[in-house]
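Listed below, chain by chain, are the residues.
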Amino acid sequence: MTETAAPVRWRSADAVAPPVAPVLETRTAMLRGLRGICPACGQGKLFSGFLSVSDSCATCGEKLGQIRADDAPPYFTIFAVAHVVVPGMLWLEKAHAPDLWIHAAIWLPLTLGLTLAMMRPVKGATIGLMLKLGFGRDAGRT
Ligand SMILES: [Zn+2]
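First, a word on what this report is: a plain description of the structure on this page. Just so we're clear, the structure is a prediction, and the values are computed from it rather than from any experiment.

Remarks on the overall build of the chain
Looking only at helices and strands, one finds three helices and zero strands in the chain. Along its sequence from the N terminus, the chain presents helices and strands in the succession α-α-α. By the burial criterion, 19% of the 142 residues in the chain qualify as buried. Pairs at least 24 apart in sequence give 54% of the contacts found in the chain among residues at least 6 apart.

A look at the packing of helix α2 (residues 72-96) against helix α3 (residues 100-133)
Contact pair α2 / α3: the axes reach a minimum separation of 8 Å and the direction vectors enclose 150°. As for how α2 packs across α3, the hand of that crossing is right-handed. Taken together, the residues of α3 that come into contact with α2 (itself represented by Ala72, Pro73, Phe76, Thr77, Ala80, Val81, Val84, Val85 and Met89) are His103, Trp107, Leu110, Thr111, Leu114, Thr115, Met118, Met119, Val122, Lys123 and Thr126. Its residues placed into classes, the contact of α2 with α3 shows 14 nonpolar, five polar and one charged.

Section: the nonpolar core
Side chains of nonpolar character tend, in soluble globular proteins, to be buried together. Core analysis: the largest hydrophobic core is formed by 16 residues, its most contacted members being Cys38, Leu46, Leu64, Ile67, Ile127, Met130 and Leu131. Those elements giving two or more residues to this core turn out to be α1 (26-34) and α3. Considering each element in turn, this core owes the most residues, five residues, to α3. Sequence-distant contacts of leucine 64, defined by excluding residues within four places in its chain, comprise Cys38, Leu46, Val53, Ser54, Ser56, Cys57 and Ile127.

A word on the packing of α1 against α3
Axes are the key here: two packed helices are described by the angle between their axes and the distance separating the axes. The geometry of α1 relative to α3 is characterised by a closest axis approach of 6 Å and an angle of 150° between their N-to-C directions. α3 is crossed by α1, and the crossing has right-handed handedness. In contact with Thr26, Ala29, Met30, Arg32, Gly33 and Leu34 of α1, α3 contributes Pro121, Gly124, Ala125, Ile127, Gly128, Leu129, Leu131 and Lys132. When its residues are assigned to classes, the contact of α1 with α3 shows eight nonpolar, four polar and two charged.

Scoring rules and cut-offs
- Residues numbered from 1 in each chain as written.
- Predicted model: local features only at pLDDT ≥ 70, side-chain atom pairs only at ≥ 80, totals over all residues.
- Helix = DSSP H or I, 4+ residues; strand = E, 2+ residues; numbered from the N terminus.
- Buried ≥ 20, exposed ≤ 12 C-beta atoms within 10 Å, placed from the backbone.
- Contact = placed C-beta atoms within 7 Å.
- Axes fitted to C-alpha atoms, helices over the stretch in contact; angles between N-to-C directions.
- Left-handed = near helix turned anticlockwise from the far one by under 90°.
- Nonpolar A, V, L, I, M, F, W, Y, C, P; charged D, E, K, R; others polar.
- Core = buried A, V, L, I, M, F, W, Y, C linked by C-beta atoms within 7 Å.

So, to be careful, I would describe these as geometric facts and stop short of saying anything about function.
Have a look at this one:
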């Protein structure tokens, strides 16, 4: 006697239905945020100002304004900028020991420039990651 029937996969009555929409990849969400576009759809604008997040995406309606990154983007920005500036500053001092005004003339503008250049992309990437992780979403949504 041989078994010819295909195996039946058991599903609990409480099983969650598989998602209908394609799953948003973490990398994709972060790269879209990094570029300043909506992490959910990749079409709309993420920001309404330099660092102000749009209340919602004009294209897909994702409620981007509910995702509160708070202090995380400045922290990540400071962390990254410090890893560029401090070793460079220490190297310059050790190798050439320039006057203090030369240090100030190099490192202060570099620090300011890197910080201003990185704050918006870092905030966008953080919001993309938070969107992927479900931050700022209503309790009933998945
Ligand atoms: Zn969108």
